Amino acid sequence: MNLPDFFFIAVAAVVLLGAFMAVYLKNVFYNALSLILCLFGVACLFIFLNSEFLAVVEVIVYIGAISIAIIFAIMLSRPLFEKQEKRDPKKVARSLVIAVFLFVGLEKAVRLTKWPVTDPAQGDYSMNAIGKTFLTTALLPFEAISLILLIAIVGALLISSSEPNG
């Protein structure tokens, strides 16, 4: 066994250990930290496979943003041993109506959009082309997704607050 094989096996073991601990630990905070360990191992595997861009995106997006948002949600939520308040049926109905309207609007937008038909043999699906598309022709949807993520984080903070929000 040569050195690259040894490192690959070691990183794969870190990924498997992090995944195992993320599922089987009892403390939810430790589960989130184990998820970060697993995602870091996946980023190392991307480096091993000469996909440095995907490794950086893995670290920035999954470890830097999503995992930290999960940890904030855990830290701001009520402890599990506290008594949970009964949900207000008006809030549940209002949320359901909003969700249905959003789903119908998104479904209508997907159906009415004229999607370009390209031959996969002629299309350029390199990371350079995808990045250039994100920051030129698809800038508005790219920013809209970031706004939706921000709204989701603010909503999670509102839901987890212990004060009644009326």
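Predicted, not measured: the structure shown is a model, and the values here were computed from it.

(A) Geometry of the side chain of Glu58. Looking at the secondary structure, you find Glu58 in helix α3 (residues 52–76). According to the relative accessible area criterion, Glu58 is buried, its value standing at 7%. When neighbours within four sequence positions are excluded, Glu58 is seen to be in contact with Leu39, Val42, Ala43, Phe46 and Ile63.

(B) Here's a closer look at unusual backbone geometry. A positive phi angle is found at Asn50, which is not glycine, with a value near 60°. Among the secondary structure elements, Asn50 is positioned in the loop between α2 (28–48) and α3.

(C) Representation of the packing of helix α1 (residues 3–24) against α2. Interhelical geometry of α1 versus α2 gives an angle of 155° and a closest axis separation of 7 Å. Of the possible angle classes, the one that applies to α1 and α2 is roughly antiparallel. Both α1 and α2 take part in a crossing whose hand is left-handed. Together, Pro4, Phe8, Val11, Val14, Val15, Gly18, Ala19, Met21, Ala22, Val23 and Tyr24 of α1 and Asn31, Ser34, Leu35, Leu37, Cys38, Gly41, Val42, Cys44, Leu45 and Phe48 of α2 make up the contact between the two elements. Looking at the contact of α1 with α2 residue by residue, the classes come out as 17 nonpolar, 4 polar and no charged.

(D) View of a nonpolar patch on the surface. On the surface, Met1, Leu3, Phe6, Phe7, Phe8, Ile9, Phe48 and Leu49 cluster together into a nonpolar patch covering about 880 Å² of accessible area. Take Phe48: it is sitting in helix α2.

(E) Molecular detail of the packing of aromatic side chains. This structure, assessed with the given rule, holds 4 aromatic pairs. Their ring planes at 55° and their centres at 6.4 Å tell us that Phe29 and Tyr30 sit as a pair that is tilted.

The rules behind these values
Residues numbered from 1 in each chain as written. Predicted model: local features only at pLDDT ≥ 70, side-chain atom pairs only at ≥ 80, totals over all residues. Heavy atoms only, no water. Helix = DSSP H or I, 4+ residues; strand = E, 2+ residues; numbered from the N terminus. Buried < 20%, exposed > 50% of the residue type's maximum accessible area, 1.4 Å probe, protein only. Contact = heavy atoms within 4.5 Å. Axes fitted to C-alpha atoms, helices over the stretch in contact; angles between N-to-C directions. Parallel < 35°, antiparallel > 145°, perpendicular 65-115°, else oblique. Left-handed = near helix turned anticlockwise from the far one by under 90°. Nonpolar A, V, L, I, M, F, W, Y, C, P; charged D, E, K, R; others polar. Patch = residues over 30% accessible without salt bridge, like charges linked within 9 Å, V, L, I, M, F, W, Y side chains within 5 Å. Areas by Shrake-Rupley, 256 points an atom, 1.4 Å probe, with all protein chains shown as cover. Salt bridge = Lys/Arg side-chain N within 4 Å of Asp/Glu carboxyl O. Phe/Tyr/Trp six-rings, centres within 6.5 Å; stacked < 30°, edge-to-face > 60°.

Scope: geometric values only; no functional claims are made or implied.
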